[in-house]
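Summary of the model geometry
Below, each chain spelled out in residue letters.
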Amino acid sequence: MSKTIYDICVLGGGHAGAEAAWIASEFNLKVAIVTMPNVAIASTPCNPSIGGVGKGQVVRELDALGGLMGKMADLSAIQYRILNESKGAAVQSTRVQVDKVAYQENVLTALRGRKNLKIIELKVTKITKENVFKIVCENLSEILSKKLIVTTGTFLGGKLHCGEIQAAGGRANCENSASVSSLFQNILSSGIRFKTGTPPRIDKNSINYKILEVQPTDTGAVNFHCLSSPFLRTLPQTSCHLTRINQSGLDIIRQNRNRSPIFNGQISGVGPRYCPSIEDKAFRYPDRNTHHVFLEPESYSLNTVYPSGVSTSLPSEVQENFIRQIPGLEEAKILQYGYAVEYDVINTQMLNHSLMCKEIEGLYFAGQVNGTSGYEEAAAQGFIAGANAALSSFNQAPLLLDRNQSYIGVLIDDLVTTRRDEPYRLFTARAENRLHLRDDNAVLRMAPYRSKFGLNNEIDIFSRNFLNTQNLISKIVHSRVYKNSETESLKKRYPSELGVKNVALADLLRRPNLKPTAVLRQEAENDGVFISEQAINCAANTEKYSGYILRAGENLDRMAGLHRKKIDPEKLATCSNISFECRLRIKKFTPQTFGQLSKIEGIRPATLIYVANQEL
Amino acid sequence: MNDYRPAIIASSSSVAGVGAIAVLRISGDLNFNNFQKFFKVNLSKIEERYCYYTKILDGSSVLDEILLVFFKGPRSFTGEDVLEIHAHGNRLNIKNILDLFIKNGACRMAKKGEFAHRAFLNKKISLIQAEGLERIINAKTPLALSSGMSLLSGKLNQQYTELFKLFLKLKSALELGIDFLEDVGEEGHHKILSEALFQLGFAIKKLHQQAKHFNKELLSPHVAVFGIPNAGKSSFFNCVLGSDRSIVSDIPGTTRDYISEYLEFDSTTVMLLDTAGVRQSSDLIENFGIKKTLALYEKSLFRVLVVNPFDKDFFITTNPLINMEFDLIVFSHCEDIFSTDPFLPFVELLKGERFVFCSFKENGKMGPVSLQTEVGPIGPVFKKYEGPIAPLLKKFSGPIGPLAKNLAGPIGPLSCLNPVQVSKDQLILSSGPIGPGCNLLQILEKIVLYKIGQVSPDGVVAERHVSVIEQLFFEWNIFLDKTSKQSDIAILLSDLVLVEETIAELVGQIASEDVLNNIFDNFCIGK
Ligand SMILES: Cc1cc2nc3c(=O)[nH]c(=O)nc-3n(C[C@H](O)[C@H](O)[C@H](O)COP(=O)(O)OP(=O)(O)OC[C@H]3O[C@@H](n4cnc5c(N)ncnc54)[C@H](O)[C@@H]3O)c2cc1C
């Protein structure tokens, strides 16, 4: 019997790997996921929460595309929070605390439900490519696959630090994996190392909750999964607690500067500035003598509590000492010490927008191995790589998300077009078209992409219906004009509004003092139209922001038309009308579009004018 | 009857002074009768889209040898008649040719983006493309960073830097309220935002008030003298000022890093600076001084290098000055040229577009300084052999030989020059050595003013600044009004774009990466 050749093999079972395998196996393909034994699939090695500002939008985009994360997060959520509620609908986001054990189980069940997906628990030691990829495992067995998606997270060349103690490992209690260069002999090498860290975990029975501020769940938060009823909660909801580390705790850290691997040179990898360890906070902000610490329960079936805000790689006894200075944690029992992990990442500029290596057909990279951090960023990349590996198996055009249409598009575009010197995380500030990239219209934004898969599952039917409803509401919104005879009753409903004569419904939705969703709901009901909450949210906010989006769009278009113009770097590099220095830079950076050319440092305006005029 | 016709415009479409060839374009409804006098070829006989080898004439003298192509409208980039002139790519040459046309009233200088704009008017490109191009160009050359800025006084320079910082602060404060609200809290955010709004508003108002009084006094370009220690910088400095007093007092800024004097050139005030000697050193303090000197280099409009051609220390590869561009090179200690071999790499310094002075020591101090270059059709060129460099050429027929125009060699390009055909007023006449004092000053004045003319050909730097500042003030007030009415912070940020665009025109584009960096640097972010 000849050996099985998989269509797609996913290496790694983190959030990136799970998402990649999930979407790839939605197609009629033979898929395998190979992951280390004794490392739970889709585990949350850091804080047990999913979503957040910008990240929450990513989860909804994934969900609308048919991804896994939103549904799993809902099934495992033990607390919901609405973020930025006071700052306007465009930047409002959802974050949930998940029961990490439940989350892993739910994902495993979902993946096992896919008949064409095989889960193989083996450690991979070597990868080569001939006609197909040959994936060699620790027990010397070989897996063959036409396409390979690498989602090895923090494991490649992983090294853990806890004070003076250093050990090879991908994360706590897990082996590491070979470095990039030994895993991909003759294919790839990497010189880039990043670092991340996590706080100690505390026994919940050793915490004095009585003196702590309670952070309850938000009952008004809408579920991530668009097919479920919006406020359905599967698990019982619980609270988090808030405390702070004060001067006495910070002093202990400051006294132990030379024992901190970050400050004594033991760690050379670069950590993210937006996720500082408590050592970073203590030394970089010497004038601040208090920092928040959020106590987040990890699971109903575990005793561990995650103290958010005190990520550290100090020696265990120092951790012990400063933790006990924190109010409520005086008697704290540490169940697992905090640590930092250093790992290899690849240079993502070698990937194209479908996350495939430009040089190696069929080899995809996704997740933290690409130098990102965060579960949502990992999942989004996993989805894109998984979908594209599948689409290309059928010779279909790749799934490329526009950065003006999605946060996922922003993430992928940033990754493959720029170089980073610290782990990458999504912020809404990175999106040019932020007013359009909202929670409420995720289905609307993703429907055109999802429809390209040519599938006809539950989500496809839902998103078609959603589009139809939106078109319908939009017609109502733009055609409903209140006659003079209605002015009186309108004034009663909106006493703050002057000039409600001959007003159109669309106008009312855009008024800064009114809540567009409330107005649309009420007016629709008055007219005897009843619409789902999701549809109302989407339609009302779309109208509210339409003018601004249009204006921003014009701005973007002005640049985008030019920016997207293809240029020929080889031709330009030998063009005598371009200065020598500019030619050198063009040769070095090989820009493919005018936009990329204009971003290269040192390219002169005259060169840009010349190139633009040539290409126009 | 409406008889309006757009003006005929001309400008260079190439990277001035860098490429070997530059392309000049004249666009409009061209009447060849007005142009015939500038060209040797008979314009009435030329065919469109053919290339002609011909000469540019200024009266009887030949300015340059060129290639000429005619595009008949609408079959051209702008949709109008276009004459394309491929000339030698030196800045001065381009300027001379353009000046020739403009002074004779045949056309006017095109404004930034005007060619693209005409192309748009004639439906050659869409407005979106034309505006996009203009914005990218503006972003690359904001007023504060473009060479125009080195003409402005240090005080204004400081205000722009401040403006940039405060705008970044405001934008960060707004972004902080979206991505990092949990880190700073509602109250904290409110405080940070109001402070940022107030500070930027104050800075804009102040700038706006001052802008009303903008005038030429704001233009005070720096002319700075650089060199390694003992190269003869101070001697040159004193020589220019016409005395050998050692100037240490009346130092503005009170730092001891440089000595300065104001000079009145035409109606422009110029600040002459003598900088600390640059030398590679492990001494921290000295390195700090070097940093300052290099910063002065960035800020200066006209850069003078003083070199002793016999000082090997100058020519070591770690000397940062060796890779820098200068407008004028002064060779001190030329007296030894007769007895000793000058250090070979010094020939490298003679390459490129720059003026060269030589000087002899006399009575133990810097003696007569003589100009070795004149303003030729492709910029400064070497004078014929009369000066002190002449013996040099004869003595070393090797590396320096090729400088002579009839000898081919590494400095080849110079040899194709025709230094004779230069109109009188562009030529700096100086026969032989020039004595210390005012003569040298006069020459310096000419070449500095020449450079100012290059940087700001129409002399309207101040006006452009004023009009952008006016607009900034206007947009700011509209924005400020919105901050009190709009609670949706993402909408506010979208409104801020209008302010941002004018700020960008002054101080450059602010990327989202800048904002994030600013946030990470100034706030404790992250759980
Ligand atoms: C200590 C720590 C702290 C963190 N802190 C933060 C933080 O503060 N903020 C934040 O946003 N994110 C943080 N994260 C990151 C977040 O956990 C990751 O971004 C996300 O989980 C990455 O998902 P992934 O799928 O890319 O990789 P991972 O979740 O790391 O999964 C990698 C998978 O690959 C498998 N694998 C690796 N090598 C092999 C091999 N050779 N053979 C077989 N299988 C292999 C592993 O078994 C694992 O299943 C932290 C992670 C760790 C470990």
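Note that this is a predicted model, so its numbers are computed, not measured.

1. Some details on the overall build of chain A
The secondary structure content of chain A amounts to 20 helices and 20 strands. Relative to the globule expectation of 25 Å for 616 residues, the C-alpha radius of gyration of chain A, 26 Å, shows essentially globular dimensions. Taken over the C-alpha atoms alone, chain A extends approximately 80 × 75 × 60 Å along its principal axes. Residues counted as buried form 59% of the 616 residues belonging to chain A.

2. So, the confidence of the model for chain B
All names here are of chain B. Averaged over chain B, the pLDDT score is 69; the fraction of residues at 70 or greater is 59%. Summarising per-element confidence for chain B, the mean pLDDT is lowest in helix α9 (residues 412-415) (23) and highest in strand β3 (residues 51-58) (92). Every residue in residues 244-256 is under pLDDT 50, and counting partners more than four places away or in other chains gives 15 contacts.

3. What to know about the side chain of Glu-500 of chain B
Residue and element names in this part refer to chain B. Structurally, Glu-500 can be placed in helix α12 (residues 489-507). With relative accessibility at 10%, the residue Glu-500 sits in the buried group. With sequence-adjacent residues up to four places away left out, Glu-500 is seen in contact with Phe-167, Lys-171 and Ile-510.

4. Quick notes on the interface of chain B and chain A
Chain B puts 50 residues into the contact, and the matching count from chain A is 59 residues. At the boundary of chain B with chain A, total buried surface from both sides reaches about 4,800 Å², with 57% on carbon and sulfur atoms. Our count for the chain B to chain A interface comes out at four salt bridges. When contributions to the side of chain B that touches chain A are tallied by element, the ones reaching two or more residues are β2 (21-28), α3 (127-140), α4 (154-179), α5 (181-211), α12 and α13 (512-522) of chain B.

5. Concerning the sheet that holds strand β13 (residues 201-203) of chain A
Residue and element names in this part refer to chain A. Read from one edge to the other, the open sheet built from six strands follows the order β14-β15-β16-β17-β13-β18, with strand pairing classed as antiparallel. The open sheet has two free edges, formed respectively by β14 (213-215) and β18 (334-336), since each of these has just one partner strand. Between one strand axis and the next, the sheet turns through 40° on average, direction left out of account. Judged from the three bridges that link them, β14 and strand β15 (residues 240-245) form a sheet pairing that is antiparallel. Note on β15: the bridge partner recorded for Val-214 is His-241.

6. Observations concerning the packing of helix α3 (residues 69-76) of chain A against helix α4 (residues 100-112) of chain A
Residue and element names in this part refer to chain A. Contact geometry for α3 and α4: axes closest at 9 Å, N-to-C directions at 135°. In terms of orientation, α3 and α4 fall into the oblique class. Crossing geometry of α3 relative to α4 is assigned as right-handed. Contacts between α3 and α4 pair Met-69, Met-72, Ala-73, Leu-75 and Ser-76 from the former with Ala-102, Tyr-103, Asn-106, Val-107 and Ala-110 from the latter. Looking at side-chain class alone, the contact of α3 with α4 contains eight nonpolar, two polar and no charged residues.

Rules of the game
- Residues numbered from 1 in each chain as written.
- Chains lettered and ligands numbered in written order.
- Predicted model: local features only at pLDDT ≥ 70, side-chain atom pairs only at ≥ 80, totals over all residues.
- Heavy atoms only, no water.
- Helix = DSSP H or I, 4+ residues; strand = E, 2+ residues; numbered from the N terminus.
- Rg over C-alpha atoms; globule rule 2.2 N^0.38 Å.
- Buried < 20%, exposed > 50% of the residue type's maximum accessible area, 1.4 Å probe, protein only.
- pLDDT = per-residue confidence, 0-100.
- Contact = heavy atoms within 4.5 Å.
- Buried area = accessible area lost by both parts, 1.4 Å probe.
- Salt bridge = Lys/Arg side-chain N within 4 Å of Asp/Glu carboxyl O.
- Pairing = 2+ DSSP bridges.
- Axes fitted to C-alpha atoms, helices over the stretch in contact; angles between N-to-C directions.
- Parallel < 35°, antiparallel > 145°, perpendicular 65-115°, else oblique.
- Left-handed = near helix turned anticlockwise from the far one by under 90°.
- Nonpolar A, V, L, I, M, F, W, Y, C, P; charged D, E, K, R; others polar.

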